[in-house]
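Single-letter residue listing:
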Amino acid sequence: MIVVGAGHAGSEAAAAAAGMGARTMLVTMDMTKIAQMSCNPAMGGIAKGQIVREIDALGGLSGIVTDKSSIQFRMLNISKGPAMWSPRSQCDRMKFSIFWREELEKIPNLDLWQDSVVRILIEKDQAVGVETKMGVKIYGKSVILTTGTFMNGLIHIGRKREEGGRISEPRSTGLSEQMKAAGFRVGRMKTGTPARLDGRSIDFSKFIEQKPDEGGGSFSYMPVKAKKLKQRSCYIVYTNPTVHNVLFKSLKDSPLYNGTIQSIGPRYCPSIEDKIVTFADKEKHQLFLEPEGEDTVEYYLNGFSSSLPWEAQWDAMKQIPGLENVKIFRPGYAIEYDYFDPQQLYHTLETRILQNLYFAGQINGTTGYEEAAAQGIMAGINAVLKIREKEPFILGRDEAYIGVLIDDLILKGVNEPYRMFTSRAEYRMLLRQDNADLRLTEKGYRLGLASEERMRRTEIKYRKRDELLKFIEEYSVKPQEINEMMVKRDTPPLRQGVKLRDVLLRPQISLTDLVNEIVDLKKKVEEAGSDKEDELMQAVEIAIKYGGYINREKAMAGKLKRLEEIKLREDINYRELKSLSTEAREKLQKIRPATIAEASRISGVSPADISVLLVYMGR
């Protein structure tokens, strides 16, 4: 196995392939920047946190490395239902990369080579290896390309342009041109990053402090076996009309607005100049000032991504209260790079044009470390399974956010950098951050990726959950035991004995309330003896309070499963099916879905078109 690029996608791909027993070579341009956090030094967030938990549950490493390098953990959206809860961790940027390299170096089958790949070696429409800039040819059964923003990368700071894959790092050339010649559709995308600030020049008293969650938290379902880093606060900052006026005056020098940049940037992570133009009616925009590590004075101004001239960025920042005397270590910049249309892939992330060639990460038009890492682990797994002539590993939309991500890429394509949100998942009550181990750890264990210890911990956790659930459903509670507490919680007191489950169904009552009041329940929880008691309590409470919603989504997913079982032949000529709409014929011929269910999720394929396909397939 050959993995090209050691970003988040490449690191997970190499770890998965080698972890499953394949001899793996990871080729990277700089071994000191493995899984580099090029932009925000944080993992997780809305929907992204669920993805990291899923990678961890499968046996990936992103969650473990995040926990080791975490300097602040927060659970977002906690005021909403559990389907929306999303873990997020601020990390020490430098230690994150160091810890990733340590994890990779522990894997026996994994070798590293520092070099730049300029060409894929191809024989009979199959990838058989790579050639590097130093002229080294490396041969393998599969090649996984995870090039990030490095393919023909072009950096913009105002009117100044510089070739590069990241600031002060060379770009990669040759691959994009070769792939285009082989028939791949190549496009350009844009992303950006803010300036890095000197904390010694900042007045933090003028900001709103955002502390870590009390008691902390973790991403991995495995216990952290490393010393916890010093925890640090983030800060909420706001722009103002004066800041906007300074930025407006420099728009003529912005490559986004003077025609220099033609490619599309991320809609949901726009530059500050995009914000003031698109939302011209807004008097202020929220920003987050975030530390880059446990000891450094360097700060990241989240939400102030910019490609404006450095002087304009600096002048605008100084109009923000608290940043009047700010010094910057480096300005923000925009970067353009090549990507390939992901509709040219199978759900395994193998390309349709060349066998044994896989794409993962920003090369497929996504944005974000978490989305990249998810594609990486799936590409690594599937490349190994194909070599071993085993069934591919494809996650359904009802099984994981990873399944939603890849299904969206393959069936819908991208016209802007793709970012995951909870709203993209139709079964988000099933795909919660708390139950990723229940959904995926057994799958990872069967693949040979999740460890025996991980599997055992998952089995014990859910056995304890079920025992506690059974106790709560069968135990009868008397009014005198809990009525005083219920009055305090502003819910009507009991008039007679009821099952404990009925009390817990009340929205004002938590499981913790009941544990504090009922001696027998407290003993039962203590008997469970979990080293992560809060996780166990949370799992029980969600199962009872949201059981109806969960069962409803399971029933919906079950109905749609039938369509997943109706396969579509590879050789169907959709152009000949005149009963299909013109758009459906074009889209189906281009994307070539594997099942009726996949066809139904393609934009432009109507229910009437699906009926035609069902008739054609003989129902």
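Reference entry: report on the structure contained in this document. (Residues numbered from 1 in each chain as written. Predicted model: local features only at pLDDT ≥ 70, side-chain atom pairs only at ≥ 80, totals over all residues. Heavy atoms only, no water.)

**Overview of empty space enclosed by the protein**
Stated precisely, the cut-off is as follows: Using only the protein atoms, space was sampled on a 1 Å grid; points where a 1.4 Å probe fits but cannot get out form cavities, open sets with protein on both sides within 12 Å along at least five of seven lines form pockets, and lining residues are those with an atom within 4 Å of a point. Grid points are joined across faces, edges and corners, and a volume is the space filled by probe spheres set on the points. Secondary structure counts use DSSP, requiring at least four H or I residues in a row for a helix and at least two E residues in a row for a strand, with both numbered from the N terminus.
Counted by the stated rule, this structure contains one cavity of 30 Å³ or more. By volume, the largest cavity is sized at about 40 Å³. Surrounding the largest cavity, His347, Met378, Ile394, Leu395, Ile402, Gly403, Ile406 and Asp407 form its lining. With four residues, the top contributor of residues to the lining of the largest cavity is helix H10 (residues 401-412).

**A word on helix H19 (residues 582-591)**
Convention followed: When accessible area is computed with a 1.4 Å probe and restricted to protein chains, residues below 20% of their type maximum are described as buried, those above 50% as exposed, and intermediate ones as partly exposed. Contacts were defined at the residue level, with two residues in contact if any of their heavy atoms lie within 4.5 Å.
Looking only at H19, the buried set comprises Ala584, Arg585, Leu588, Gln589 and Ile591. Contacts from the buried residues of H19 go to H10, helix H20 (596-600) and helix H21 (607-616). Looking one or two residues beyond H19, the residue adopting positive phi is arginine 592, at roughly 50 degrees.

**Focus on the side chain of threonine 24**
Put simply, the rule reads: Counted as a polar contact is a pair of N or O atoms within 3.5 Å, where, for protein atoms, one must be capable of donating a hydrogen and the other of accepting one, and residues adjacent in sequence contribute only when both atoms are in side chains.
Inspection of the secondary structure assignment puts threonine 24 in strand S2 (residues 24-28). In this structure the side chain of threonine 24 is engaged in a polar contact, spanning 3.0 Å, whose partner is the backbone oxygen of alanine 22. If sequence neighbours within four positions are ignored, threonine 24 has contacts with Met1, Val3, Ala14, Ala17, Ala18, Asn109, Leu110 and Asp111.

**Observations concerning unusual backbone geometry**
In the Ramachandran plot, asparagine 77 falls in the positive-phi region, its phi being about 60 degrees despite a non-glycine side chain. Along the chain, asparagine 77 falls in the loop between strand S4 (70-76) and strand S5 (86-91). Its identity as a non-glycine residue notwithstanding, asparagine 356 has a phi of 65 degrees, on the positive side. If you trace the backbone, asparagine 356 turns up in the loop between strand S20 (333-340) and strand S21 (357-359).

**Thoughts on the sheet that holds strand S11 (residues 154-157)**
To keep things clear, this is the line we draw: For two strands to count as paired, DSSP must find a minimum of two bridges between them. Angular values range over 0 to 180 degrees, each being the angle between N-to-C directions of two axes fitted as lines to C-alpha atoms, with helices fitted over their stretch in contact.
The strand order across the open sheet formed by four strands is S12-S11-S20-S13, and the pairing between neighbours is antiparallel. The sheet is open, and its two edges are formed by strand S12 (160-163) and strand S13 (186-193), each paired on a single side. The sheet shows a mean angle of 25 degrees between the axes of neighbouring strands, taken without regard to direction. Sheet analysis places S11 next to S20, joined by three bridges and oriented antiparallel. Looking across to S20, one finds that histidine 156 is bridged to alanine 334.

**Some words on a negative patch on the surface**
For clarity, the cut-off: Without a salt bridge and with relative accessible area above 30%, a residue can belong to a patch; like charges are then joined within 9 Å and nonpolar side chains (Val, Leu, Ile, Met, Phe, Trp, Tyr) within 5 Å. Note on areas: Shrake-Rupley with a 1.4 Å probe; residue coverage comes only from the protein chains shown. A pair is scored as a salt bridge if a Lys or Arg side-chain nitrogen falls within 4 Å of a carboxyl oxygen belonging to Asp or Glu. Charge counting follows a simple rule: Lys and Arg are positive, Asp and Glu are negative, and His as well as the terminal groups are ignored. Lysine's charge is taken at NZ, arginine's at CZ, aspartate's at CG and glutamate's at CD.
Taken together, the side chains of Glu526, Glu527, Glu533 and Asp534 present a region of like negative charge at the surface. Mapped onto the negative patch, the elements with two or more residues apiece are helix H16 (519-528) and helix H17 (533-545). Mapped onto the elements of the fold, glutamate 526 is located in helix H16.

**Here's the deal with the nonpolar core**
Test applied: Take the buried Ala, Val, Leu, Ile, Met, Phe, Trp, Tyr and Cys residues and link them wherever side-chain atoms come within 4.5 Å; each set so joined is a nonpolar core.
Leu357, Phe359, Ile381, Ile402, Leu588 and Leu613 are the most contacted members of the largest nonpolar core, which has 120 residues in total. A per-element tally of this core places helix H9 (residues 369-387) first, with 11 residues. Formed by 25 residues, the second largest nonpolar core is a distinct cluster that contains Ile482, Met485, Leu514 and Val515.

**Remarks on the side chain of glutamine 313**
Mapped onto the elements, glutamine 313 comes out in helix H8 (residues 310-317). By relative accessible area, glutamine 313 is classed as buried at 0%. Every residue in contact with glutamine 313, bar those within four places of it in the chain, is listed here: Ile157, Ala195, Phe304, Ser306, Ser307, Leu308, Pro331 and Gly332.

**With respect to a nonpolar patch on the surface**
A cluster of nonpolar residues, Phe248, Tyr257 and Val277, forms a patch on the protein surface that exposes about 240 Å² of accessible area. Tracing the chain through its elements places tyrosine 257 in the loop between helix H6 (241-249) and helix H7 (272-278). When its relative accessible area of 35% is taken as the criterion, tyrosine 257 is described as partly exposed.

**Points about the pairing of S13**
Taking burial as the measure, the eight residues of S13 include six buried ones, the bulk of the element. One ladder, built from eight bridges, connects S13 with S20; its direction is antiparallel. What sits directly across from threonine 193, in S20, is tyrosine 333.

**Examining the pattern of salt bridges**
This model, assessed by the stated rule, comprises 45 salt bridges. The shortest N-O distance in the salt bridge between aspartate 408 and lysine 412 comes to 3.5 Å. With aspartate 408 and lysine 412 both in helix H10 and four residues apart, the pair spans about one turn of that helix. For lysine 412, a relative accessible area of 47% gives the class partly exposed. Among the charged side chains, a salt-bridge network with shared partners connects Arg397, Asp407, Asp408, Lys412, Glu426 and Arg601.

**A word on the sheet that holds strand S18 (residues 298-302)**
As summarised here, the arrangement of the six strands in space is S15-S16-S17-S18-S14-S19, forming an open sheet in which the pairing is antiparallel. Either end of the sheet is taken by a strand with one partner, and the two such strands are strand S15 (208-210) and strand S19 (328-330). On average, adjacent strands in this sheet sit at an angle of 35 degrees to one another, irrespective of strand direction.

**Re the environment of glycine 7**
Structurally, glycine 7 is set in the loop between strand S1 (2-4) and helix H1 (8-19). By relative accessible area, glycine 7 is classed as partly exposed at 28%.

**Some points on H6**
The condition that has to hold: The arc under discussion is defined with respect to the helix axis, by the directions toward the C-beta atoms.
Looking only at H6, the buried set comprises Val243, His244, Val246 and Leu247. Viewed end-on, H6 has its buried residues packed into an arc of 160 degrees, placing them on one side of the element. Buried residues in H6 make contact with H7 and H8.

**Considering the packing of helix H2 (residues 48-58) against H9**
Stated precisely, the cut-off is as follows: For classification purposes, angles smaller than 35 degrees are called roughly parallel, those larger than 145 roughly antiparallel, those between 65 and 115 roughly perpendicular, and all remaining angles oblique. Helix crossings are classified by the rotation of the near helix relative to the far one: an anticlockwise turn of less than a right angle makes the crossing left-handed, while a clockwise turn makes it right-handed. Throughout this entry, Asp, Glu, Lys and Arg are counted as charged residues, while Ala, Val, Leu, Ile, Met, Phe, Trp, Tyr, Cys and Pro are counted as nonpolar. The remaining residues, Gly among them, count as polar.
Where H2 meets H9, the axes come as close as 9 Å, and the angle between the chain directions of the two elements is 25 degrees. What the angle tells us is that H2 and H9 run roughly parallel. The way H2 lies across H9 gives a crossing that is left-handed. Facing H2, whose interface residues are Lys48, Ile51, Val52, Ile55 and Leu58, H9 presents Glu370, Glu371, Ala373, Ala374 and Ile377. Residue composition of the contact of H2 with H9, grouped by class: seven nonpolar, no polar and three charged.

**Examining the packing of helix H12 (residues 452-474) against H17**
Helix-helix packing: each pair is described by the crossing angle between the helix axes and the interaxial distance. Between H12 and H17, the shortest axis-to-axis distance is 9 Å and the interhelical angle comes to 50 degrees. Taken together, H12 and H17 sit at an angle that is classed as oblique. Judged by the sense of rotation from one axis to the other, the crossing of H12 with H17 is right-handed. Taking contact as the criterion, the partners of Lys461, Lys464, Arg465, Leu468, Leu469 and Ile472 in H12 are, on H17, Glu535, Leu536, Ala539, Val540, Ala543 and Ile544. Among the residues forming the contact of H12 with H17, the class breakdown is eight nonpolar, no polar and four charged.

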